[in-house]
Amino acid sequence: MTIIVHGATGAQGSPVLVALRAAGHHSTAAVRDSAQVTGPALSIDNDSVESLVQAYADADAVFVHLPLASPDQQVSYARKIGEAVAQARPGRVVFSTSGYPTELPDGTLTAHGMLAAALAESGVSYAVIAPRIFLENLLLPVTLGPAREDGALRYPIRDDYPVSWVSHLDMADIAVALLTDNSVTGVVTAGALPPQFGADLAEGFARYFDKPVVFEAQEPEAYGELIIPMFGADAARPVVDSYHFRWTQPGEVIDEERSAQKLLGITPRTVEAWLRDLAV
């Protein structure tokens, strides 16, 4: 099979590409500069239908997620990718929402919702992977450092906020299953069941580090002050705002009936197993 992997050098796409190639599937990295990639690769422009159609032509499957960009730019990407799928008609498309909502509280579709809807309308076999929060967020130095050095896992969610956390490694397992088997279609939710609280995360870190680690709920603005030097104020602001919103919500728990556990038999790694696999 020929499988196209969007963003194959990024946090989500890279584990998918690695897992596909490890399983013996012919996989092509779809990136902005193919010269930067080892192995089969092609250069694409997410804002060009023509470029995307050329990439998708004759592909057995495509893995796609929207790159980080402004909301307007993501809408443009979503429309172009949806149009290209409808024209090129690859054998299968698997789309990760990357933890973003598909619609706003007023029912307006987000860029991710637009692309999911376009795939449903295309007539092409498709699946949408819907995670919540990625465990990799905990690897930022502002979070991992204090956990390792001071035994304090600080993150901007409440102590009583349940989350179906999932890792990029788990996402890759789910994506490979969906890319290579067309029997499951529609939305597949990805994340831990039962969901985990901050104390559960800290316990996983404690087991991996073999030392006490406690969870400390962090104010979103305090978290923002730490990540601004890393990402810049403009990029950090939407992140901080998202955590302010989370403080008003009861939690982020996936739908068990549509979960990867139920539909694919794939159970996400524990926090300890995830840390061990990464050898952080």
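Just above, that's the structure.
Residues numbered from 1 in each chain as written. Predicted model: local features only at pLDDT ≥ 70, side-chain atom pairs only at ≥ 80, totals over all residues. Heavy atoms only, no water.

Asker: Looking at this structure, how should I read the pattern of salt bridges?
Answerer: Taken as a whole and judged by the stated rule, the model has 11 salt bridges. R269 is the salt-bridge partner of D277, the closest N and O atoms lying 2.7 Å from each other. With a relative accessible area of 46%, D277 lands in the partly exposed category. For R269, a relative accessible area of 24% gives the class partly exposed. Among the charged side chains, a salt-bridge network with shared partners connects D170, D173, R269 and D277. (Salt bridge = Lys/Arg side-chain N within 4 Å of Asp/Glu carboxyl O. Buried < 20%, exposed > 50% of the residue type's maximum accessible area, 1.4 Å probe, protein only.)

Asker: I keep staring at the sheet that holds strand β2 (residues 26–31) and nothing clicks. Help me out?
Answerer: Within a sheet, adjacent strands bond to each other through the backbone by hydrogen bonds, running parallel or antiparallel. Spatial strand order, β3-β2-β1-β4-β5-β6-β8: seven strands in an open sheet with parallel pairing. The sheet is open, and its two edges are formed by β3 (41–43) and β8 (186–190), each paired on a single side. Across the sheet, the mean angle separating the axes of adjacent strands is 20° when strand polarity is ignored. Summarising the sheet, β2 and β3 pair through three bridges and their orientation is parallel. Bridge pairing in β3 links A29 to A41. Contacts between helix α1 (residues 13–22) and the sheet are confined to β1 (2–6), β2 and β4 (61–65), with β2 contributing the most and set at about 160° to the helix. Strands β1, β3 and β4 of the sheet are contacted by helix α2 (residues 49–56), whose axis makes an angle of about 145° with β1. (Pairing = 2+ DSSP bridges. Helix = DSSP H or I, 4+ residues; strand = E, 2+ residues; numbered from the N terminus. Axes fitted to C-alpha atoms, helices over the stretch in contact; angles between N-to-C directions. Contact = heavy atoms within 4.5 Å.)

Asker: What should I look at first to understand the packing of aromatic side chains in this one?
Answerer: Centre-to-centre distance and the angle between the planes together describe a pair of aromatic rings. Overall, the coordinates contain six aromatic pairs when judged by the stated rule. Summarising the aromatic geometry, the rings of F205 and F209 are spaced 5.9 Å apart at their centres and angled 55° between planes, so their arrangement reads as tilted. Here F205 and its partner F209 are both found in helix α7 (residues 198–209), four residues apart, which amounts to about one turn of the helix. Overall, the relative accessible area of 0% leaves F205 in the buried class. Both rings, one in Y223 and one in Y243, keep their centres 5.8 Å apart while their planes meet at 70°; by these two values the pair is edge-to-face. Linking Y223 in helix α8 (residues 220–231) with Y243 in helix α9 (residues 233–246), this pair joins segments that are 20 residues apart in sequence. Its relative accessible area of 3% is what places Y223 among the buried residues. Overall, the relative accessible area of 4% leaves Y243 in the buried class. (Phe/Tyr/Trp six-rings, centres within 6.5 Å; stacked < 30°, edge-to-face > 60°.)

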